[in-house]
Amino acid sequence: MDEVNFGLAEGDEIEIQSTFCQSVRRTSQKVLFSDVTTDETYRDHPIAAKFGIVRYASIPIHRSDGTFFGTLCAIDTVPRDVQNPRAVAMLEMFAETIGRGRETGERLEAQERLVEYEREMARA
């Protein structure tokens, strides 16, 4: 769903190599800018220009063993202060919670498979 009106239709894809998320994945460093027009690093980025991205935050999500899971992203077409320490801390907390929650879900699924296997072995 394109609720930000980037002009994406169902089934459209964005070349992953050109995205901010790929940069976060490659470096494990967050990407933050509150107004792309004044940001020295990202003001000429083709994705920002193509989709009218003005404000962006991307925080890496890791599992507890340090492996990369994905990114938590906030995108807007209006400038807002995403570099405020409170906003950054909140996004980092959410990313950590997502990483832990995903890992907990994976452990629960593995435990359920083990219980089912044990039931099958008991029946045999």
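Shown above is the structure to which this text applies.
Note that the structure is predicted; figures quoted are calculated from it, not measured. Residue positions are counted from 1 within each chain, in the order its sequence is given. A pLDDT threshold of at least 70 governs which residues receive local features in this predicted model, and a stricter bar of 80 or more applies before side-chain atom pairs are shown or counted, although totals over entire chains, interfaces and linings include all residues. Excluded from the side-chain calculations are hydrogens and water; all other atoms, namely the structure's heavy atoms, are used.

Focus on the nonpolar core
Right, so step 1: What makes a nonpolar core is a set of buried Ala, Val, Leu, Ile, Met, Phe, Trp, Tyr and Cys residues whose side-chain atoms join them at distances within 4.5 Å. Burial here depends on accessible area, computed with a 1.4 Å probe over protein chains only, as a share of the maximum for the residue type. Under 20% is buried, over 50% is exposed, and the range in between is partly exposed. Phe6, Phe20, Val24, Val31, Phe33, Val36, Tyr42, Ile47, Ala48, Phe51, Ile53 and Tyr56 together form the largest nonpolar core, which totals 12 residues.
Right, so step 2: Mapped by element, the contributors of at least two residues to this core are helix 1 (20-27), strand 1 (31-33) and helix 2 (46-51).
Right, so step 3: In DSSP terms, a helix is any run of H or I states spanning at least four residues, a strand is any run of E spanning at least two, and both are numbered starting from the N terminus. For this core, the element with the highest residue contribution is helix 2, accounting for three residues.
Right, so step 4: Throughout, a contact is declared for two residues whenever any of their heavy atoms are within 4.5 Å. The residues touching Val24, leaving out its near neighbours within four places in the chain, are Gln29, Lys30, Val31, Ser58, Ile59, Pro60, Phe68 and Thr71.
Right, so step 5: Ranked by size, the runner-up nonpolar core spans nine residues in total, among them Val82, Val88, Leu91 and Ala95.

Regarding the side chain of Asp39
Right, so step 1: The residue Asp39 is located in the loop between strand 1 and helix 2 in this model.
Right, so step 2: Although Asp39 is buried, it makes no salt bridge; Arg43 carries the closest opposite charge, 7.6 Å away.
Right, so step 3: Discounting chain neighbours no more than four positions away, the residues touching Asp39 are Leu32 and Phe33. Within this scheme the basic residues Lys and Arg register as positive and the acidic residues Asp and Glu register as negative, but His and the chain ends are omitted. Put simply, a salt bridge is a Lys or Arg side-chain nitrogen that is within 4 Å of an Asp or Glu carboxyl oxygen.

Points about unusual backbone geometry
Right, so step 1: Backbone geometry at Ser28 places phi at a positive 60 degrees, although glycine is not the residue there.
Right, so step 2: Among the structural elements, Ser28 can be located in the loop between helix 1 and strand 1.

Brief notes about a nonpolar patch on the surface
Right, so step 1: Residues Phe69, Met90, Met93, Phe94 and Ile98 make up a contiguous nonpolar surface patch of about 430 Å² in total accessible area.
Right, so step 2: At four residues, helix 3 (residues 85-123) tops the list of elements feeding residues into the nonpolar patch.
Right, so step 3: Position of Ile98 among the secondary structure elements: in helix 3.
Right, so step 4: With a relative accessible area of 33%, Ile98 lands in the partly exposed category. Surface patches are drawn from residues lacking salt bridges whose relative accessible area is over 30%; two like charges belong together within 9 Å, two nonpolar side chains (Val, Leu, Ile, Met, Phe, Trp, Tyr) within 5 Å. Areas reported as accessible are Shrake-Rupley estimates using a 1.4 Å probe. Residue values count occlusion only from the protein chains shown.

A look at the pattern of salt bridges
Right, so step 1: As enumerated under the stated definition, the model contains nine salt bridges in all.
Right, so step 2: One salt bridge connects Arg63 with Glu106, and the closest N-O pair in it is separated by 2.8 Å. With a gap of 43 residues between them, Arg63 in the loop between strand 2 (55-62) and strand 3 (68-76) and Glu106 in helix 3 connect regions that are remote in the sequence.
Right, so step 3: Here Glu106 and Arg102 are joined by a salt bridge, their closest N and O atoms 3.6 Å apart. Here the residue Glu106 and the residue Arg102 both occupy positions in helix 3, the gap between them amounting to four residues, near one helical turn.
Right, so step 4: Since its relative accessible area comes to 25%, Glu106 is described here as partly exposed.
Right, so step 5: Where salt bridges share partners, they join Arg55, Asp76 and Arg80 into one cluster.

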